[in-house]
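In case you want the letters, here they are:
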Amino acid sequence: MPTKIEKDALTGRHTTGHEWDGLQELNTPLPKWWLYTFIACCIFAVGYIALFPSIPYGRDYFHGWLQASSRTAVDADVKALEAQRAFSMDKIKYTPIAQVKDDPKLLAVATAAGRIAFANNCQPCHGAGGEGRVGYPSLADDTWLWGGTLADIQQTITYGIRSGNDRARNSVMPNFGAGGLLTPAQIEAVADFVWGAFYGHAAEGQDLSKGRAVFAENCAVCHGANGEGSRTVGAPPLKSAVHLYGDLRAAIVAQVTNPRMGVMPSWEKKTNITGLDEATIKSVAIYVHALGGGE
Amino acid sequence: MASMDKLRNAAAEEGKVSQPSLYASQVTVYPKAVHGPARAVKWGILVFCLTVYYLLPWLRWDRGPGRVSQAVLLDLPTRRFYLFGLELWPQDIWLLTGLLILSAVGLFLVTSLAGRVWCGYTCPQTVWTDLYMWIERLLEGDRNARMRRDQGPASLDKIWRKLAKHTLWFAVAFWTGGAFIMYFVDAPTLTVQFWTGEAATEAYVFIGLFTATTYLLAGWAREQVCTYMCPWPRFQASMLDEQSLIVTYQNWRGEPRGHRKIDAGKPANAGLGHCIDCLACVHACPTGIDIRDGVQLECINCGLCVDACNEMMVRTGQPKWLVTWDTLAGQKAKAQGTHEAFRFLRPRTLIYAGAMVVGITVMWAAMATRARLDLAVQHDRAPLFVQVRDGSIRNGYTLKISNKTQARAEFVLTMHGLAGGAMLLAEQPATPAPALVLPVDADGIGTFRLLVFGHPTPGSDGSQQFDFILRNATTGERTTYTSVFMGPRGG
Ligand code: SF4
Ligand code: SF4
């Protein structure tokens, strides 16, 4: 309690009556409007506490009369976004794939949707950037087993390769070794030829004529006389720096003796319950096309 | 506060107040109109500042077809600041910081030289308060008429004058709030949209906010802002010293103050100083203080008391400038009958001026050499490289080219240091070429996905450095970006 309110002789002001060891506090009054502003702020704070989440109760908290929550706001945003996306995806579904690519807005949606669907479904085999690995073709290079146009890619994704789907791309490499079509010596010879003439590892003065003959008789029908491959039957080009089953002579021998033939699932919803809808398949095709090798 | 103290103390002495309150009611200040050089300068600055403020957004500036045509526009959505011929990108935001620092140092310099002239003449609070007082005077008359009417009973005359004043105040506040938003949105477009209800909600909110603050701060709060809200008066003392020019009552000349007896002749007036204690200086003061009490926190250095007193001095046939601009040192010397010249050059002013010169030089140099071209390159993360059929290696890059010029331009991209390097744009049917031409819109950023083919020179880790070189085909400006080309290990 202030007791000794008096006028300070030096300044002519009143003191508040507070005194500490002879030091007196001068009264410098606060403007009244400032006090009222403070009271108004307090009233505002009470209203705010009542309307918005404010008081923690341990595990729960007081939610406020407005039931405001940033979580429900995010939910609403996500729903709105899905609705917006549904519209675009519908448009992608009914637009021919080449025209989707020409519409910058649809292209942006398709590329984004394709990237996500690719990461969820294709990445385990083909790699994060579509780089592939031994036995799983790269989608980023310029080699396509079954064709690299948008339509080709869409077809491959939809129906798959040797997937069992009626419209899948199918082909079989004959079992030359285990099936007894070629003798081990012939297989060694043809491997020498492919390794030497196509892979570019021929030794100086090496005689490849024997292998060349075997190749012309057995392999050229699918892989082409010059090892250029064939997309009609999905026969990989052999005269190339890119090799599906690895860059080793032993891999050639293994493939001719007992061929591996990759399977790609059909992503059609009809035949694959974990499949993708048409718009998403188109989006993936567009995304894959843009990985670097699209034709 | 000194004057308020006086009022309160007077009341206390009369026994009306036994225990002074810790809260003070606002004492309405009724400044009286004055005429004189300070007032004239103040009007001039007011007209100039307000004209610039209200009309600048309407000034057009030709930047070419389809481009922003407002001379000054802070376009936040597109992140561009347009200042006449200058166009600032987000990267240039440090200029704003620099400008603010320069303004602060400039304020320090001016204050150490001539006191709070910023407060008295150019501060928006002062300028708008002055404008509002002018409107008030127009409708309610000068000090005495206003005081009489305020104390008198409610009458038709009183009501219409008050109503008209507040209406006008509101109109000015609204125009002020609107003009502020026009620095952020195209002025003619906003004007149309505002009245057709098509403007953005933010526009209405901010116009409302600035209308309200203008009306409250200039109409009602006035000197309370300077005394209680503004931090500047609180630390200006550290910029002032005995050598700063401030509005001063020449104590040695004025005291002892006292009324002149007109008829009594000289003997009755003998011993009196020049101050006739007419209180003209107090009545003219917009913050309601008495300059004769010395330097005070509330004094905004506007000099209106100088004008008011000069008028009195002329009327009483005494020399002018009893209240004047002088330094504390000068006054001290004069009181002792000596003279002390005003010193412009003091360590304080030299340091402030030096800081300004350095700041301006650095900013000017940076502005003059500002690049109009920016290249950013990002190497693909997956895959790091791709082998293609013919045996060469392909790397993917994303290029961002910032064209900071006012014209759409073609940029020539070449490579240096990558043997046999050739490139093409992804998804473009073309054969790889050693150079590419990339068009980028005026004032735009072009994003390009680039595929580079090369035969990297064999290195232990398969990667090698090389440069992208980008040249603006029109202006010739060029920039280089050192990137990396990846290949198989040991390749
Ligand atoms: S206006 Fe001049 S003469 Fe009148 S009271 Fe003020 S200082 Fe004294
Ligand atoms: S004392 Fe004089 S200079 Fe200071 S604010 Fe009042 S009128 Fe202006």
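Keep in mind that this is a model prediction, so the values were computed, not measured. All chains use their own residue numbering, which begins from 1 and follows the written sequence. Each chain gets a letter, beginning with A, and each ligand a number, beginning with 1, in the order they are written. Reporting in this predicted model follows two pLDDT cut-offs: at least 70 for local features of residues, and 80 or more for side-chain atom pairs to be given and counted; totals over whole chains, interfaces and linings ignore these cut-offs and use all residues. With hydrogens and water set aside, each side-chain value is computed from the structure's full complement of heavy atoms.

*Asks:* Mind laying out the overall build of chain B, listing which residues take part and the relevant values?
*Replies:* Strands are runs of DSSP state E lasting at least 2 residues, helices are runs of H or I lasting at least 4, and numbering of each runs from the N terminus. Within chain B, the secondary structure is distributed over 17 helices and 15 strands. In this setup the radius of gyration rests on C-alpha atoms only. A globule is expected at 2.2 Å times the number of residues raised to 0.38. Relative to its length of 491 residues, chain B is extended, with a C-alpha radius of gyration of 34 Å against a globular reference of 23 Å. Only protein chains enter the accessibility calculation, which uses a 1.4 Å probe; a residue whose area is less than 20% of its type maximum is buried, one above 50% is exposed, and one in between is partly exposed. Here chain B holds 491 residues, and the buried ones make up 44% of them. Where accessible areas are quoted, they stem from the Shrake-Rupley method and a 1.4 Å probe; at the residue level, only the protein chains shown are allowed to cover. Of the roughly 25200 Å² of accessible surface on chain B, 66% is carried by carbon and sulfur atoms. Here chain B holds 48 positive side-chain charges and 39 negative ones, and the gap between their average locations is 4 Å. The convention is simple: Lys and Arg are positive, Asp and Glu are negative, and His and the chain ends are not counted. Where a charge lies is defined by one atom per residue type, namely NZ (Lys), CZ (Arg), CG (Asp) and CD (Glu).

*Asks:* Quick one: what's the story with the domain arrangement of chain B, residue by residue and with numbers?
*Replies:* All names here are of chain B. As assigned here, chain B comprises domain 1 (28-370) and domain 2 (373-486). In this entry, domain limits derive from an automatic or database-based domain assignment. For domain 1 and domain 2, the distance between their C-alpha centroids amounts to 57 Å. We call two residues in contact when some of their heavy atoms are within 4.5 Å. Each partner contributes to the interface: domain 1 provides eight residues, whereas domain 2 provides nine residues. Of the roughly 690 Å² buried between domain 1 and domain 2 on both sides combined, carbon and sulfur atoms contribute 38%. Whenever a carboxyl oxygen of Asp or Glu lies within 4 Å of a side-chain nitrogen of Lys or Arg, that contact is scored as a salt bridge. For the interface between domain 1 and domain 2, the tally reads two salt bridges. Arg 67 is paired through a salt bridge with Asp 443; the nearest N and O atoms lie 2.9 Å apart. Polar here means any residue other than Ala, Val, Leu, Ile, Met, Phe, Trp, Tyr, Cys and Pro, which are nonpolar, and Asp, Glu, Lys and Arg, which are charged; Gly is therefore polar. Of the residues assigned to the side of domain 1 that touches domain 2, the class counts are two nonpolar, one polar and five charged. Buried surface area refers to the total accessible area, computed with a probe of radius 1.4 Å, that the two partners give up upon joining, counted for both partners together.

*Asks:* Any details on the packing of aromatic side chains? Residues and values, ideally.
*Replies:* Any Phe, Tyr or Trp ring, taking Trp's six-membered ring, that has another such ring centre within 6.5 Å forms a pair; planes under 30 degrees apart are called stacked, those over 60 apart edge-to-face, and the others tilted. Enumeration according to the criterion identifies 33 aromatic pairs over all chains in this entry. Between Phe 44 of chain A and Tyr 48 of chain A, the ring centres sit 6.0 Å apart and the planes meet at 35°, which makes this aromatic pair tilted. Taken together, the positions of Phe 44 of chain A and Tyr 48 of chain A, both in helix 1 (residues 32-51) and four residues apart, correspond to about one turn of that helix. Accessibility expressed as a relative area gives 59% for Phe 44 of chain A, which makes it exposed. Taking 5.7 Å as the distance between ring centres and 50° as the angle between the ring planes, the aromatic pair formed by Trp 195 of chain A and Tyr 199 of chain A counts as tilted. Residue Tyr 199 of chain A is classed as buried on the basis of its relative accessible area, which comes to 15%. Taken together through their ring pairs, the aromatic side chains of Tyr 53, Tyr 54, Trp 128, Trp 175 and Tyr 183 of chain B make up a single cluster. In this structure, Arg 39 of chain B packs its charged tip against the face of Trp 43 of chain B, placed 3.8 Å from the ring centre. Whether a charge lies above a ring is judged from NZ of Lys or CZ of Arg, which has to be within 6 Å of the ring centre and within 35 degrees of the ring normal.

*Asks:* Residue-level account of the environment of Gly 98 of chain B, with values.
*Replies:* Inspection of the secondary structure assignment puts Gly 98 of chain B in helix 3 (residues 93-114). The spatial distance from the C-alpha of Gly 98 of chain B to the C-alpha of Ile 360 of chain B is 8.7 Å, given a sequence separation of 262 residues.

*Asks:* Residues and numbers for the domain arrangement of chain A, please.
*Replies:* Residues and elements named next belong to chain A. Partitioning chain A into domains gives domain 1 (81-166 + 270-289) and domain 2 (184-257). Put simply, the middle of domain 1 and the middle of domain 2, counted by C-alpha atoms, are 32 Å apart. Here domain 1 meets domain 2 over a buried area of about 870 Å², counting both sides, of which 63% is carbon and sulfur. When the buried surface of domain 1 facing domain 2 is broken down by residue, Thr 143, Leu 145 and Trp 146 rank first, second and third, together holding 50% of it. For the pair domain 1 and domain 2, the interface holds zero salt bridges. Think of a polar contact as two N or O atoms within 3.5 Å of one another; within protein, one of them needs to be a possible hydrogen donor and the other a possible acceptor, and neighboring residues in sequence only count if both atoms come from side chains. Inspection of the domain 1/domain 2 interface yields two residue pairs in polar contact (both at pLDDT 80 or more). Tallied by class, the residues present in the side of domain 1 that touches domain 2 amount to six nonpolar, four polar and two charged.

*Asks:* Can you lay out the pairing of strand 9 (residues 393-403) of chain B for me, pointing to particular residues and giving the numbers?
*Replies:* Residue and element names in this part refer to chain B. In terms of residue burial, strand 9 counts as a mostly covered element, since nine of its 11 residues are buried. Relative to strand 13 (residues 444-454), strand 9 runs antiparallel, the two being bridged by 11 bridges. Note that in strand 13 the partner of Asn 403 across the bridge is Gly 444. Two strands pair if DSSP finds at least two bridges between them.

*Asks:* Account for the sheet that holds strand 10 (residues 409-416) of chain B, naming residues and giving values.
*Replies:* Residues and elements named next belong to chain B. Across the sheet, which stays open at both edges, the four strands sit in the order 12-10-14-15 with antiparallel pairing between neighbours. The sheet is open, and its two edges are formed by strand 12 (435-440) and strand 15 (478-485), each paired on a single side. Adjacent strand axes in the sheet meet at a mean angle of 25° when their direction is disregarded. The angle between two axes is taken between their N-to-C directions and runs from 0 to 180 degrees, where each axis is a line fitted to C-alpha atoms and a helix contributes only its stretch in contact.

*Asks:* Explain the interface of chain A and chain B to me, using residue names and the numbers behind them.
*Replies:* Each side of the interface is counted separately: chain A has 32 residues, and chain B has 29 residues. For the chain A and chain B pair, buried surface summed over both sides reaches about 2600 Å², with 55% attributable to carbon and sulfur atoms. Looking only at chain A, the three residues that lose the most surface to chain B are Pro 29, Lys 32 and Trp 33 of chain A, adding up to 19% of its buried area. In this structure, the connection of chain A to chain B is made through one salt bridge. Counting across the interface, chain A meets chain B through 13 residue pairs in polar contact (both at pLDDT 80 or more). When residues of the side of chain A that touches chain B are assigned to their parent elements, the largest contribution, four residues, is made by helix 1 of chain A.

*Asks:* Tell me about the packing of helix 7 (residues 156-181) of chain B against helix 9 (residues 201-221) of chain B, residues and numbers included.
*Replies:* Residue and element names in this part refer to chain B. Between helix 7 and helix 9, the least distance of the axes is 7 Å, while the angle of their chain directions is 135°. Classified by the angle between their axes, helix 7 and helix 9 sit oblique to one another. Helix-helix and strand crossings are classified by hand; for helix 7 and helix 9 the assignment is right-handed. Seen from helix 7, the contacting residues are His 166, Trp 169, Phe 170, Ala 173, Phe 174, Thr 176, Gly 177, Gly 178, Phe 180 and Ile 181; seen from helix 9, they are Ala 203, Phe 206, Ile 207, Phe 210, Thr 211, Thr 214, Tyr 215, Gly 219 and Trp 220. Looking at the contact of helix 7 with helix 9 residue by residue, the classes come out as 12 nonpolar, seven polar and no charged. What sets the label is the angle itself: under 35 degrees gives roughly parallel, over 145 gives roughly antiparallel, 65 to 115 gives roughly perpendicular, and the rest give oblique. In this scheme the crossing of two helices becomes right-handed for a clockwise turn of the near helix relative to the far one and left-handed for an anticlockwise turn of less than a right angle.

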